[in-house]
Amino acid sequence: MYNNIIEIFLRTPLWVWILLFILIKRGIAISQERPIHLSKMFLVPFIFMIWGFEKMITQFSYLELCLTSYFLSILPGTLIGYLLYKKYQIFYKQELVIMRKKCYLPLIIILINFMVKYVLNVTLGISPSFYNDISFNIIYSGISGLSIGLFFGGILYTYYAQKEINFASA
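Just so you know, these numbers come straight off a predicted model, no measurement behind them. (Residues numbered from 1 in each chain as written. Predicted model: local features only at pLDDT ≥ 70, side-chain atom pairs only at ≥ 80, totals over all residues. Heavy atoms only, no water.)

## Remarks on the confidence of the model for the protein chain
In low-pLDDT segments, the atomic positions of the prediction should not be examined closely. In this model, the protein chain carries an average pLDDT of 92, and 98% of its residues clear a pLDDT of 70 or more. Across the protein chain, element-level confidence peaks in helix 4 (residues 63-88) with a mean pLDDT of 97 and bottoms out in helix 1 (residues 2-11) with 81. (pLDDT = per-residue confidence, 0-100. Helix = DSSP H or I, 4+ residues; strand = E, 2+ residues; numbered from the N terminus.)

## Quick word on unusual backbone geometry
Residues other than glycine seldom take positive phi values, yet Glu95 does so here, at roughly 60 degrees. In this fold, Glu95 is placed in the loop between strand 2 (91-94) and strand 3 (97-100). Accessibility expressed as a relative area gives 73% for Glu95, which makes it exposed. (Buried < 20%, exposed > 50% of the residue type's maximum accessible area, 1.4 Å probe, protein only.)

## Some words on helix 3 (residues 43-59)
Over its 17 residues, helix 3 extends 24 Å from the first C-alpha to the last, a length consistent with the 24 Å expected when each residue adds 1.5 Å. For helix 3, every residue scored as buried is listed here: Val44, Pro45, Phe48, Trp51, Gly52, Phe53, Lys55 and Met56. On its buried face, helix 3 sits against helix 2 (14-31), helix 4, helix 5 (105-126) and helix 6 (134-168). (Expected span 1.5 Å × (residues − 1). Contact = heavy atoms within 4.5 Å.)

## Section: a nonpolar patch on the surface
Taken together, the side chains of Tyr104, Ile108, Ile112, Val116, Ile139 and Ile143 define a hydrophobic patch exposed on the protein surface, amounting to about 490 Å² of accessible area. Among the elements that make up the nonpolar patch, the one with the highest residue count is helix 5 (3 residues). Structurally, the position occupied by Val116 is in helix 5. (Patch = residues over 30% accessible without salt bridge, like charges linked within 9 Å, V, L, I, M, F, W, Y side chains within 5 Å. Areas by Shrake-Rupley, 256 points an atom, 1.4 Å probe, with all protein chains shown as cover. Salt bridge = Lys/Arg side-chain N within 4 Å of Asp/Glu carboxyl O.)

## As for the sheet that holds strand 2
Ordered in space as 1-3-2, the 3 strands form an open sheet in which the pairing is antiparallel. Looking at which strands have only one partner, the edges of the open sheet turn out to be strand 1 (34-35) and strand 2. By the bridge criterion, 2 bridges tie strand 1 to strand 3 in an arrangement that is antiparallel. The partner of Arg34 across the bridge, within strand 3, is Arg100. (Pairing = 2+ DSSP bridges.)

## A few points about the packing of aromatic side chains
For the coordinates displayed, the defined rule picks out 21 aromatic pairs. When the centroid spacing of 6.4 Å and the interplanar angle of 50 degrees are considered together, the rings of Phe42 and Phe152 count as tilted. You can see Phe42 sitting in the loop between strand 1 and helix 3 and its partner Phe152 sitting in helix 6, a full 110 residues away along the chain. Taking the relative accessible area as the measure of exposure, Phe42 reaches 42% and is therefore partly exposed. Each ring, one from Phe53 and one from Tyr70, has its centre 4.7 Å from the other, and the planes form 40 degrees; the classification is tilted. Highlighted residues: Phe53 in helix 3 and Tyr70 in helix 4, separated in sequence by 17 residues. Ring-pair connections join several aromatic residues into one group, and the members of that group are Phe9, Trp15, Trp17, Phe48, Trp51, Phe114, Tyr118 and Phe151. (Phe/Tyr/Trp six-rings, centres within 6.5 Å; stacked < 30°, edge-to-face > 60°.)

## Thoughts on the pattern of salt bridges
Inspection of every chain in the model, using the stated rule, returns 1 salt bridge. Here Arg11 makes a salt bridge to Glu7, at a shortest N to O gap of 3.3 Å. One end of the pair is Arg11 and the other is Glu7, both in helix 1 and 4 residues apart, which spans about a single turn. Residue class for Glu7 comes out partly exposed when judged on its relative accessible area of 37%.

Right, here's the structure in full:
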């Protein structure tokens, strides 16, 4: 088993490790106290969307079901992300800028997303027959949508918090 794990890591393409490095770097940066920029918050979910869509569109057999599962799963993911950010992320106004307090929730969400995607893709590498397995296609797509929803929930909460702070200080 130990040899299998090492083999999996050794066979992982270099771009995946580079992506992990970039995601960790970005996750640490956005977890620090800093001004919020809604437009920059779309970068990481965009990366995960491309990663998920590429697999679904180019290699899965049940594209219509995959897309349905993906988009339906975004909704509960958004709700969960919204509630998590509401509970753990604090915003305040400093002069004319809306600031986010230090919170490692974004980094945790990024790392969980990466690990789940990595495990799903390793599973496909080990068992290529899953590309044609309807259940796996739906599960993969659903998990991908749920994970994107977590990001969108954070963005949505940030947007509402920003609006609320600006309204209260007006």
